[in-house]
Amino acid sequence: MNGDDTLRGLADIIPPAPPAATPWWLWLLAALALIAIVALVWRITRRRTVPPGDLRGDALAALRALRSAWEAKQIDDRDAAYRLATVLRRGLGLAQLSDDNPPAMINDAPLWRDTLQQLDRQRYRRQREQPLPPELFERAYRWLTAETPHV
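As the structure is a computational prediction, the values presented were derived from the model and not from experiment. (Residues numbered from 1 in each chain as written. Predicted model: local features only at pLDDT ≥ 70, side-chain atom pairs only at ≥ 80, totals over all residues. Heavy atoms only, no water.)

Here we come to the overall build of the protein chain. In terms of helices and strands, the protein chain carries six helices and zero strands. Written out in order from the N terminus, the α and β elements of the protein chain read α-α-α-α-α-α. In the protein chain, which comprises 151 residues, the proportion classed as buried is 25%. Contacts spanning at least 24 positions in sequence make up 60% of the contacts within the protein chain whose residues lie at least 6 apart. Surface exposure of the protein chain reaches about 11500 Å², of which carbon and sulfur atoms provide 58%. (Helix = DSSP H or I, 4+ residues; strand = E, 2+ residues; numbered from the N terminus. Buried < 20%, exposed > 50% of the residue type's maximum accessible area, 1.4 Å probe, protein only. Contact = heavy atoms within 4.5 Å. Areas by Shrake-Rupley, 256 points an atom, 1.4 Å probe, with all protein chains shown as cover.)

So this is what it looks like as structure tokens:
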């Protein structure tokens, strides 16, 4: 065999067909799906980040409604203690109420611990020695309206 036979043999080979072009609608569908995912993630993260002022305003409204329902004897002391603890936790933006670490705007740590102990007594003891003190509502109002320290 010589070089000419080899070249003629290569000329007879038919190359494979190029891949089919991806339809434009497939790219459009992928782009719309990506936009929908980004919008969903943005909406979820935006919903979770509520400004502290809104939390406190909602908590103060809930505190007023709670106190009026408690004074009107629509709810008992135990239920009021549960709701008051929830209002404090949410209004101060805490994951959990802890007597070890009061929030920074609460300067009187012993008063914070006393409040939590009284709420715990009302919520978790079967026999309650004394009724829920109205001072707890006043303390909660004071803490919810306190300015956050600027760091």
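The next thing to look at is the packing of helix α4 (residues 77-91) against helix α6 (residues 135-145). α6 packs onto α4 with a crossing angle of 10° between their chain directions and a minimal axis gap of 10 Å. By the angle between their directions, the pair α4 and α6 is classed as roughly parallel. In contact with Ala80, Leu84, Val87, Leu88 and Gly91 of α4, α6 contributes Leu136, Phe137, Ala140, Trp143 and Leu144. Across the contact of α4 with α6, the residue classes tally to nine nonpolar, one polar and no charged. (Axes fitted to C-alpha atoms, helices over the stretch in contact; angles between N-to-C directions. Parallel < 35°, antiparallel > 145°, perpendicular 65-115°, else oblique. Nonpolar A, V, L, I, M, F, W, Y, C, P; charged D, E, K, R; others polar.)

With that out of the way, let us pick up the packing of α4 against helix α5 (residues 109-124). In a pair of packed helices, the angle between the axes and the distance between the axes together describe the arrangement. Two numbers describe how α4 lies on α5: the axes approach to 8 Å, and their chain directions differ by 135°. The pairing of α4 with α5 is recorded here as oblique in orientation. Regarding α4 and α5, the two cross each other, and that crossing is left-handed. Across from Asp77, Arg78, Ala81, Tyr82, Leu84, Ala85 and Leu88 in α4, the residues of α5 making contact are Leu119, Gln122, Arg123 and Tyr124. (Left-handed = near helix turned anticlockwise from the far one by under 90°.)

Glancing now at the nonpolar core. Core analysis: the largest hydrophobic core is formed by 26 residues, its most contacted members being Leu84, Leu119, Leu132 and Phe137. Not counting residues within four places of it along the chain, the set of residues in contact with Leu84 comprises Leu63, Leu66, Leu119, Leu136, Phe137 and Ala140. (Core = buried A, V, L, I, M, F, W, Y, C linked by side-chain atoms within 4.5 Å.)

For the coordinates displayed, the defined rule picks out five salt bridges. A salt bridge links Arg67 to Glu71; the nearest nitrogen and oxygen atoms lie 2.9 Å apart. Of this pair, Arg67 and Glu71 both sit in helix α3 (residues 52-71), separated by four residues, roughly a single helical turn. Under the relative-accessibility criterion, Arg67 is labelled partly exposed at 22%. Through salt bridges that share partners, Arg67, Glu71 and Glu138 make up one connected network. (Salt bridge = Lys/Arg side-chain N within 4 Å of Asp/Glu carboxyl O.)

This brings us to the environment of Glu138. For Glu138, the position within the fold is in helix α6. A sequence separation of 75 residues divides Glu138 from Leu63, and the C-alpha atoms of the two residues are 9.7 Å apart.

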